[in-house]
Amino acid sequence: MSNLADLGYFFDDQGVLRTKEDNEKFKFTTQEAYETLGEAVDEEVFNLLETRCGLERKVLKPAGIEGDDEDFSFYFASKNLKTAETMLILMHGSGVVRAGQWARRLIINESLECGTQIPYIERALKLGWAVVVMNTNANGTEEQEFKFSRTPEEHAEMVFKMCVGGAKLKSVYVVAHSRGGYDLSAAKYSSSEYEVHEYQSGRVTDLYAGTKIHEWSSHMAIDAVFKLFETELNESNFVETVNEAKYLVLHGKEKEEMESDEPVVKKMKQ
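- As recorded in an unreviewed UniProt entry, the chain goes by Arb2 domain-containing protein and comes from Caenorhabditis latens.

Quick look at the structure:
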């Protein structure tokens, strides 16, 4: 498999994909070339999860199960997985995206900041939280299916059991983009572990993500998401906190975006 350098590309300091030859942004030529580049981007994001974010790539193989690592899928987790009291789990949607990505098109045409989960990861780690990055679309090769990851739902269920089941956590937060929400709700857990409970009346709220474009939603909503996560929600502050989250989305939009209705990449908090 080719890497970005072999294909003549690199990510600049702003996370924008550029050509090594003339420093220009990506320009589409053929679908085949685009797919080859996409696979190289997958590997580059995996590398960034390890080098930039400090996560560990873990084989999705339960304890006591025999077999070569190549027969199993993988996911990423932070080194404080067993010690942190709070955990953030990130789940992408359907399609070609892999661990660490929200949208391949945004990574290639916009930047790492809006197309990957890296901003969520770095923000959570700064708060001292453990982070788990699922890889639900990695279900096998052309030759065989991955054990315990034959479907996105099975992958989600196994990662959840291996990382959350039995852990002494006070809080577990999940950001599930698009089909990731279904994958989470469809996974089944034993009664001794955390479960996805039935919706409680008045405690499930739809919020505007800050954009009408589906693939941009997780990036645009990050401030509102962390506002909800960082507040210890209860009956007395639920409505107020949700309204504050709404404010962050509606008033955090850049002037250019308000005029054009096109998303503007959020600047990372240092």
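There's more to say after this.
What about the overall build of the chain?
Thought 1: Each helix and strand in the chain was counted, giving 11 helices and 7 strands.
Thought 2: When the 270 residues of the chain are sorted by exposure, 46% land in the buried category.
Thought 3: Across the chain, the fraction of contacts at a sequence separation of at least 24, relative to all contacts at a separation of at least 6, is 68%.
Thought 4: Counting only carbon and sulfur atoms, one obtains 47% of the accessible surface of the chain, whose full area is about 14,700 Å².

Focus on the sheet that holds strand 5 (residues 86-91)
Thought 1: In spatial order, the strands read 3-4-6-5-7; together these 5 strands make up an open sheet with mixed pairing. Looking at which strands have only one partner, the edges of the open sheet turn out to be strand 3 (56-59) and strand 7 (171-176). Each neighbouring strand pair of the sheet contributes to a mean axis angle of 25°, computed without reference to strand direction.
Thought 2: Sheet topology places strand 5 next to strand 7; 6 bridges connect them, and they run parallel.

Quick notes on the rules
- Each chain has its residues counted from 1, following the order in which its sequence is written.
- A pLDDT threshold of at least 70 governs which residues receive local features in this predicted model, and a stricter bar of 80 or more applies before side-chain atom pairs are shown or counted, although totals over entire chains, interfaces and linings include all residues.
- Side-chain numbers come from the whole structure's heavy atoms, not from hydrogens or water.
- Only DSSP runs of H or I reaching four residues or more are called helices, and only runs of E reaching two or more are called strands; each is numbered from the N terminus.
- Relative accessibility thresholds used throughout: buried, under 20% of the residue-type maximum; exposed, over 50%; partly exposed, between the two (1.4 Å probe, protein chains only).
- Should any heavy atoms of two residues lie within 4.5 Å, those residues are considered in contact.
- Computed with a 1.4 Å probe, the accessible areas rest on the Shrake-Rupley method; for each residue, only the protein chains presented here act as cover.
- Two strands are counted as paired when DSSP detects at least two bridges linking them.
- Here an angle of 0 to 180 degrees is reported between the N-to-C directions of two axes, which are lines fitted to C-alpha atoms, with helices fitted over the stretch in contact.

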